[in-house]
Amino acid sequence: MISMLFGPPGCGKGTQATFLAGHFRVPHVATGDIFRKNLKEGTPLGLAAKGFMEKGQLVPDELTCEMVADRIAALDCAGGVLFDGFPRSLAQAHWLIGASKGKAAQVVSIEVPTEVLIARIAGRRVCSKCSATYHETYDPPPALCRACGTASIVQRPDDQEVVVRARLETYTRDTSPVLGVLRSAFPVYVVDGVGAVEQVGQRILQALGA
Ligand code: AMP
């Protein structure tokens, strides 16, 4: 089964994807995380993606689809995969519809009002080592990351307000129309993303009948 988590930045895709990938025992493929890893390691892909990421824009489709094709060709994806943040453009959606022919697939769309998104992202802090997330108000970051024990909790450069606004604009312009295309090919389950993490997770499982 190919599952896709769809929604704006800050809707909780990453958190829910970690939970759902564990629940369904499939790899969690987060294109943003793969780009950030490449950026940190200074790979050619990371360098090519850098300027787009810093401006809150989408990395070009060709690079993104090639990276996803490589990732899902790995053995651990043979039984299914959970996409987080992919597809994010019409071209990526059409590519994935072609690539998933003959396989079962489903989409979960997480809805959250814009004011809630901005408050969530502005307070978000992440561990630069293991990507565990915290929040200045809802889950204050400890001195040492609870998941990996290192003192590496920071604000993602693209979580600064000016970049967040650009990312939300990119979402509205380029990504929100993708849902219509996905609907034409796959079942789409719309879930309210406001509430406690566990509550939203249960809503998703219920929507999927899992
Ligand atoms: P995220 O962590 O999912 O918000 O992604 C961070 C950044 O990585 C985005 O603002 C984009 O620049 C880039 N990115 C992630 N996923 C994609 C995608 N599917 N297509 C193009 N760019 C992406």
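Residues numbered from 1 in each chain as written. Predicted model: local features only at pLDDT ≥ 70, side-chain atom pairs only at ≥ 80, totals over all residues. Heavy atoms only, no water.

A. The arrangement of the sheet that holds strand β3 (residues 81-84) in detail. With respect to topology, five strands assemble into an open sheet ordered β2-β3-β1-β4-β8, the strand pairing being parallel. Looking at which strands have only one partner, the edges of the open sheet turn out to be β2 (28-30) and β8 (188-192). Direction aside, the axes of adjacent strands within the sheet are offset by 20° on average. The sheet contact formed by β2 and β3 spans three bridges and is parallel. From the neighbouring strand, Val29 faces β3, where its bridge partner is Phe83. Docked against the sheet, helix α2 (residues 31-41) engages β2 and β3, running at close to 65° with respect to β2. (Pairing = 2+ DSSP bridges. Helix = DSSP H or I, 4+ residues; strand = E, 2+ residues; numbered from the N terminus. Axes fitted to C-alpha atoms, helices over the stretch in contact; angles between N-to-C directions. Contact = heavy atoms within 4.5 Å.)

B. Seen up close, the site of the ligand. Lining the immediate surroundings of the ligand are 16 residues, of which Thr31, Gln57, Gly85, Arg88 and Gln92 lie closest. A distance of 3.2 Å separates an oxygen atom of the ligand from a polar atom in the side chain of Arg156. Burial of the ligand by the protein amounts to 95% of the accessible area it has alone, namely 480 Å². With four residues, α2 is the single largest residue contributor to the shell around the ligand. Looking at the shell around the ligand residue by residue, the classes come out as five nonpolar, six polar and five charged. (Near = heavy atom within 4 Å. Polar contact = N/O pair within 3.5 Å; in protein donor to acceptor, adjacent residues only side chain to side chain. Areas by Shrake-Rupley, 256 points an atom, 1.4 Å probe, with all protein chains shown as cover. Nonpolar A, V, L, I, M, F, W, Y, C, P; charged D, E, K, R; others polar.)

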